[in-house]
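Residue-level listing of the chains:
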Amino acid sequence: MIAERPGLRHPLAELAGWDERVRLMVRPRRFEHVLRVAELACRIARANGLDEARAYAAGILHDIARDLPDAELLRLAPPECAIDSAHPLALHGRAARTLLERWGYADPVVLEAVEDHTTGPRGGNPVAACVYVADVSEPGRGVNEDIRELALCDLEAALNRAIVSKVTYLQGRGIQVHPRTLRSYHALPGLAPAAPPADSEDGTPSLAPPDLLPPT
């Protein structure tokens, strides 16, 4: 259980048992991914002198809503934009936060990291950065090893690379980037504004699930 992991400084005693709850909520292969993300997020936090406990907890919790039906995702996280409506999977971070809050989970740092793992940290939360980078680069993905290794010595540089890589990959294929991801991208230092993706002939934006991973 989370609370029994040696060397982790858990700020909340009620973290115990959340890993088991997540295991019951997701498919077995998804849970394997969850464990890899949690372990990597913890390693990244440790290497950068950050809160290992919260990084591990946010990694464990980040995909708790990932396997819910579309209708439930839409109920828990009403769409903010066309991408959310067309691809409810984009909502699973926000839906996870809603679900956790309703179940009494109250750590705002972890909740924000869970919410932002699909679209990118909004800034000022290094735990969210750890989880975002871990999610896109955990070894089971088979991609982004360079981002994973960079995060162990320079988390900010790894986060910047992950966000730029994602936006470049999607826009290069004419796929609309989620507005939250674009805001994270535009907030990066030293970057020119990204061009909007091309729309289809009938004026409807080309949409695709925003959790596509760019190849390395």
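Everything below is about the structure shown above.
These remarks concern the structure in this document. What you see is a predicted model; the values in this text were computed from it and never measured. Per chain, residue numbering runs from 1 following the sequence as it is written. Restriction of local features to residues with pLDDT of at least 70 applies here, the model being predicted, together with a cutoff of 80 or more for giving and counting side-chain atom pairs; totals for whole chains, interfaces and linings are based on all residues. The basis for every side-chain value is the complete set of non-hydrogen atoms in the structure, without hydrogens or water.

Notes on the overall build of the chain
Part 1 of the reasoning: Put simply, DSSP marks the helices as runs of H or I at least four residues long and the strands as runs of E at least two long, and each gets a number from the N terminus on. The secondary structure content of the chain amounts to 11 helices and zero strands.
Part 2 of the reasoning: Shown N-terminal to C-terminal, the secondary structure of the chain runs as helices and strands in the order α-α-α-α-α-α-α-α-α-α-α.
Part 3 of the reasoning: Per-residue burial over the chain gives 50% buried out of 216 residues.
Part 4 of the reasoning: Residue contacts are counted whenever heavy atoms from the two residues lie within 4.5 Å of one another. In the chain, the proportion of contacts linking residues at least 24 apart, taken out of those at least 6 apart, comes to 62%.
Part 5 of the reasoning: Of the roughly 9800 Å² that the chain leaves accessible, carbon and sulfur atoms contribute 53%. Buried, partly exposed and exposed residues are distinguished by accessible area as a fraction of the type maximum, computed with a 1.4 Å probe on protein chains only: under 20%, between the cut-offs, and over 50%, respectively. Methods summary: accessible areas were calculated by the Shrake-Rupley approach with a probe of 1.4 Å, and residue burial reflects only the protein chains presented.

Some remarks on helix 6 (residues 92-102)
Part 1 of the reasoning: Of all 11 residues that make up helix 6, nine are buried, and the element is covered over most of its length.
Part 2 of the reasoning: Buried residues of helix 6: His92, Gly93, Arg94, Ala95, Ala96, Arg97, Thr98, Leu99 and Leu100, and no others.
Part 3 of the reasoning: Buried residues along helix 6 sit against helix 1 (18-25), helix 3 (52-61), helix 4 (70-76), helix 5 (82-86), helix 7 (108-116) and helix 11 (179-186).

Structural notes on the side chain of threonine 119
Part 1 of the reasoning: Here threonine 119 lies in the loop between helix 7 and helix 8 (126-137).
Part 2 of the reasoning: For threonine 119, a relative accessible area of 3% corresponds to the buried category.

Some remarks on the environment of aspartate 67
Part 1 of the reasoning: Tracing the backbone through its elements, the reader meets aspartate 67 in the loop between helix 3 and helix 4.
Part 2 of the reasoning: Sequence-wise, aspartate 67 and valine 26 are 41 residues apart; in three dimensions their C-alpha atoms are separated by 5.7 Å.
Part 3 of the reasoning: Filtering out sequence-adjacent residues up to four positions away, aspartate 67 remains in contact with Met25, Val26, Arg27 and Arg30.
Part 4 of the reasoning: Polar contact is defined as a pair of N or O atoms within 3.5 Å, subject to the rule that within protein one atom must be able to donate a hydrogen and the other to accept it, and that residues adjacent in sequence are counted only when both atoms are side-chain atoms. Here the side chain of aspartate 67 touches arginine 27 through a polar contact of 2.8 Å, landing on its backbone nitrogen.

Concerning the layout of surface pockets
Part 1 of the reasoning: Every definition here rests on a 1 Å grid over the protein atoms only: cavities are sets of points where a 1.4 Å probe fits but cannot get out, pockets are open sets enclosed by protein on both sides within 12 Å along at least five of seven lines, and lining residues have some atom within 4 Å of a point. Grid points are joined across faces, edges and corners, and a volume is the space filled by probe spheres set on the points. For the largest pocket, the calculated volume is near 370 Å³.
Part 2 of the reasoning: Surrounding the largest pocket, 18 residues form its lining, Pro121, Arg122, Gly123, Gly124 and Leu159 being those nearest its centre.
Part 3 of the reasoning: Every element with two or more residues in the lining of the largest pocket is listed here: helix 8, helix 10 (155-172) and helix 11.
Part 4 of the reasoning: Ranked by residue count, the leading element in the lining of the largest pocket is helix 10, at five residues.
Part 5 of the reasoning: The residue makeup of the lining of the largest pocket, split by class, is nine nonpolar, five polar and four charged. Throughout this entry, Asp, Glu, Lys and Arg are counted as charged residues, while Ala, Val, Leu, Ile, Met, Phe, Trp, Tyr, Cys and Pro are counted as nonpolar. The remaining residues, Gly among them, count as polar.

Examining the packing of helix 8 against helix 10
Part 1 of the reasoning: Axis separation between helix 8 and helix 10 bottoms out at 10 Å; the angle between their running directions is 55 degrees. What the angle tells us is that helix 8 and helix 10 run oblique. The element helix 8 and its partner helix 10 pack so that their crossing is left-handed. Contacts from Pro126, Ala129, Cys130, Tyr132, Val133 and Val136 in helix 8 reach Leu155, Ala158, Leu159, Ala162, Ile163 and Lys166 in helix 10.
Part 2 of the reasoning: In terms of residue class, the contact of helix 8 with helix 10 is made up of 11 nonpolar, no polar and one charged. For helices, the fitted axis covers only the stretch in contact; all axes are lines through C-alpha atoms, and the angles between them, taken along N-to-C directions, range from 0 to 180 degrees. For this classification, under 35 degrees means roughly parallel, over 145 means roughly antiparallel, 65 to 115 means roughly perpendicular, and everything else is oblique. Take the far helix as your reference; a near helix turned counterclockwise from it by less than a right angle gives a left-handed crossing, and one turned clockwise gives a right-handed crossing.

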